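So you can see what is in the structure, the chains are spelled out below.
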Amino acid sequence: MRVQAFMFYGCAVFFLATDVVYWLWSGDWTGTTALALAIGLAGLIGFYIHFTVRRLERANAGPLYEDDPQGDIADAAGELGFFSPHSWWPLFLGLSAAAVALGVVFGWWLVILGACAAILTSIGLVFEYYRGHFAH
């Protein structure tokens, strides 16, 4: 994962160079601001990945399997986590977000209704496997 962090750092440096050249040639504030935000986002993601790799390396007492030059694909075998095979909550959460977006166009009452629905569907998504039929 360390390679991915440096890829995002490289993107941030590229966006920085592009931003400087863009500002000098065009003088446009809009594109310069957009590229400056891209620098920040790429740097933020790179920093997060770099920080997470360092934390995981300390927890595992060594480099991660994807950073090992002598590592095999089989080193990554094992359980990666739990992924819900059937859940309706993402659909309802997306519909709630669509209601919020449409509320900006049609009226603030729909924004409030959509935000309340988004909060309730987020709670349903997070706690889906804690209660009810699929609880473990």
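Residues numbered from 1 in each chain as written. Predicted model: local features only at pLDDT ≥ 70, side-chain atom pairs only at ≥ 80, totals over all residues. Heavy atoms only, no water.

Points about a nonpolar patch on the surface
Next up, step 1: Taken together, the side chains of Leu16, Val20, Val21, Trp23, Leu24, Trp25 and Trp29 define a hydrophobic patch exposed on the protein surface, amounting to about 860 Å² of accessible area.
Next up, step 2: Looking at the nonpolar patch element by element, the count peaks at six residues for helix H1 (residues 2-26).
Next up, step 3: If you trace the backbone, tryptophan 25 turns up in helix H1.
Next up, step 4: Under the relative-accessibility criterion, tryptophan 25 is labelled exposed at 77%. (Patch = residues over 30% accessible without salt bridge, like charges linked within 9 Å, V, L, I, M, F, W, Y side chains within 5 Å. Areas by Shrake-Rupley, 256 points an atom, 1.4 Å probe, with all protein chains shown as cover. Salt bridge = Lys/Arg side-chain N within 4 Å of Asp/Glu carboxyl O. Helix = DSSP H or I, 4+ residues; strand = E, 2+ residues; numbered from the N terminus. Buried < 20%, exposed > 50% of the residue type's maximum accessible area, 1.4 Å probe, protein only.)

Thoughts on helix H2 (residues 29-60)
Next up, step 1: Between its terminal C-alpha atoms H2 stretches 46 Å, which fits the 46 Å expected from 32 residues at 1.5 Å a residue.
Next up, step 2: Buried residues of H2: Gly31, Thr32, Leu35, Ala38, Ile39, Ala42, Gly46, Ile49, His50, Thr52, Val53 and Glu57, and no others.
Next up, step 3: Considering only its buried residues, H2 is in contact with H1.
Next up, step 4: Two or three places before threonine 30, at the opening of H2, aspartate 28 has a side-chain oxygen 3.3 Å from that residue's backbone nitrogen.
Next up, step 5: Positive phi shows up at alanine 61, right after H2, with a value of about 55 degrees. (Expected span 1.5 Å × (residues − 1). Contact = heavy atoms within 4.5 Å. Polar contact = N/O pair within 3.5 Å; in protein donor to acceptor, adjacent residues only side chain to side chain.)

Things to note about the UniProt feature "transmembrane region" (unreviewed entry) in the protein
Next up, step 1: The positions that UniProt labels "transmembrane region" (unreviewed entry) are, in the present scheme, residues 7-25, 31-51 and 112-130.
Next up, step 2: Overall, residues 7-25 shows 100% helix and 0% strand. The separation of its end C-alpha atoms is 27 Å.
Next up, step 3: Taken as a whole, residues 112-130 contains 79% helix and 0% strand, while its terminal C-alpha atoms sit 28 Å from one another. (UniProt positions renumbered as here; feature names shortened; annotations may be inferred.)

Focus: the packing of aromatic side chains
Next up, step 1: A full pass over the atoms with the stated rule returns six aromatic pairs.
Next up, step 2: With a centroid separation of 6.3 Å and an interplanar angle of 75 degrees, the aromatic rings of tryptophan 89 and phenylalanine 92 are classed as edge-to-face. Placement of both tryptophan 89 and phenylalanine 92 in helix H3 (residues 89-106) is noted, with a separation of three residues, approximately one turn of the helix.
Next up, step 3: Residue classification places tryptophan 89 among the partly exposed residues on the basis of a relative accessible area of 29%.
Next up, step 4: Ring centres of phenylalanine 127 and tyrosine 130 lie 5.5 Å apart, and the angle between their planes is 65 degrees; this geometry places the pair in the edge-to-face category.
Next up, step 5: The partly exposed category is assigned to phenylalanine 127, whose relative accessible area is 46%.
Next up, step 6: By relative accessible area, tyrosine 130 is classed as exposed at 61%. (Phe/Tyr/Trp six-rings, centres within 6.5 Å; stacked < 30°, edge-to-face > 60°.)

Quick look at the environment of isoleucine 112
Next up, step 1: Locating isoleucine 112 in the fold gives a position in helix H4 (residues 108-126).
Next up, step 2: The exposure class assigned to isoleucine 112 is exposed, which follows from its relative accessible area of 54%.
Next up, step 3: Taking the C-alpha atoms as reference points, isoleucine 112 and valine 100, 12 residues apart in sequence, are found 7.4 Å from one another.

Overview of the packing of H1 against H2
Next up, step 1: For the pair H1 and H2, the least separation of the axes is 8 Å and the interaxial angle reads 165 degrees. Of the possible angle classes, the one that applies to H1 and H2 is roughly antiparallel. The element H1 and its partner H2 pack so that their crossing is left-handed. (Axes fitted to C-alpha atoms, helices over the stretch in contact; angles between N-to-C directions. Parallel < 35°, antiparallel > 145°, perpendicular 65-115°, else oblique. Left-handed = near helix turned anticlockwise from the far one by under 90°.)

What to know about the side chain of glutamate 57
Next up, step 1: Inspection of the secondary structure puts glutamate 57 in helix H2.
Next up, step 2: Those residues in contact with glutamate 57 that sit more than four places away from it in its chain are Arg2, Gly62, Pro63, Leu64 and Asp67.

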